Amino acid sequence: MLGTPLPHSVKLKPQEIPFDHPDSKWQFNPLTKQLVATSAAIRLYQADIREAIDQLRILADKEGGLDYLQIFESDRPENLWLIEDEIAITALLPSDY
């Protein structure tokens, strides 16, 4: 369809610490925590934020937890960061930090 943007996909970068490190404890489960996003992340990534969360949820289940910061790459000008803390999972761009 003319005018329909091409779908983007996001690719998870390897995390910096090993999966068995004590800090790899985060589950990225939006059913148990609030999911928030900056306006810049929404503008640049839109529906890909959900795709990224789904990827993290599956990986966290497989590995028993992840590092609090996960980075996704794409063909866009900035990477997508997902950060989990005790309260929320936040989608943001590096320039938002």
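The structure displayed is predicted, hence computed values, not measured ones.

Student: Go over unusual backbone geometry with me, naming the residues and quoting the values.
Tutor: Even without a glycine there, the phi angle at Phe28 is positive, about 50°. Tracing the chain through its elements places Phe28 in the loop between strand S1 (11-12) and strand S2 (34-37). For Phe28, a relative accessible area of 0% corresponds to the buried category. At Gln46, a residue that is not glycine, the phi angle is positive and equals roughly 40°. Inspection of the secondary structure puts Gln46 in the loop between helix H1 (39-45) and helix H2 (48-63).

Student: Please set out the pairing of strand S3 (residues 69-73) residue by residue, giving values where relevant.
Tutor: Two elements, S1 and S3, share 2 bridges in a ladder whose sense is antiparallel. Across the sheet, Leu12 pairs through a bridge with Phe72, a residue of S3. Examined bridge by bridge, S3 and strand S4 (residues 80-84) share 4 bridges and lie antiparallel to one another. Residue pairing for S4: Phe72 is matched across the bridge by Leu80. Counting the residues that bridge the hairpin from S3 to S4 gives 6 residues.

Student: Can you explain the environment of Ala91? Please cite residues and give values.
Tutor: Mapped onto the fold, Ala91 is located in strand S5 (residues 88-92). Take Ala91: its relative accessible area is 0%, and that puts it in the buried class. Along the backbone, Ala91 and Ala60 are 31 residues apart, and their C-alpha atoms lie at a distance of 17 Å. Ignoring sequence-local partners within four residues, the contact set of Ala91 consists of Val36, Ala37, Thr38, Ala41, Ile49, Leu80, Trp81 and Leu82.

Student: Lay out the nonpolar core in plain terms, naming residues and giving numbers.
Tutor: With 19 residues, the main nonpolar core has Phe28, Phe72, Leu80 and Leu82 as its most contacted residues. Looking at this core, the elements that each hand over two or more residues are H1, H2, S4 and S5. A per-element tally of this core places H2 first, with 6 residues. Apart from the residues within four sequence positions on either side, Phe28 is in contact with Ile53, Leu56, Arg57, Leu66, Asp67, Tyr68, Gln70, Leu82, Ile83, Glu84 and Ile89.

Student: Would you mind going over the pattern of salt bridges in detail, with residue names and values included?
Tutor: Applying the stated rule across the entire model yields 5 salt bridges. Here Glu84 and Lys33 are joined by a salt bridge, their closest N and O atoms 2.9 Å apart. Here Glu84, found in strand S4, pairs with Lys33, found in the loop between S1 and S2; they are 51 residues apart in sequence, far enough to count as distant. The two residues Glu84 and Lys33 agree in class, both being buried. For Arg57, the salt bridge is made with Asp61, and the minimal N-O distance between the two is 3.0 Å.

Parameters and conventions
- Residues numbered from 1 in each chain as written.
- Predicted model: local features only at pLDDT ≥ 70, side-chain atom pairs only at ≥ 80, totals over all residues.
- Heavy atoms only, no water.
- Helix = DSSP H or I, 4+ residues; strand = E, 2+ residues; numbered from the N terminus.
- Buried < 20%, exposed > 50% of the residue type's maximum accessible area, 1.4 Å probe, protein only.
- Pairing = 2+ DSSP bridges.
- Contact = heavy atoms within 4.5 Å.
- Core = buried A, V, L, I, M, F, W, Y, C linked by side-chain atoms within 4.5 Å.
- Salt bridge = Lys/Arg side-chain N within 4 Å of Asp/Glu carboxyl O.

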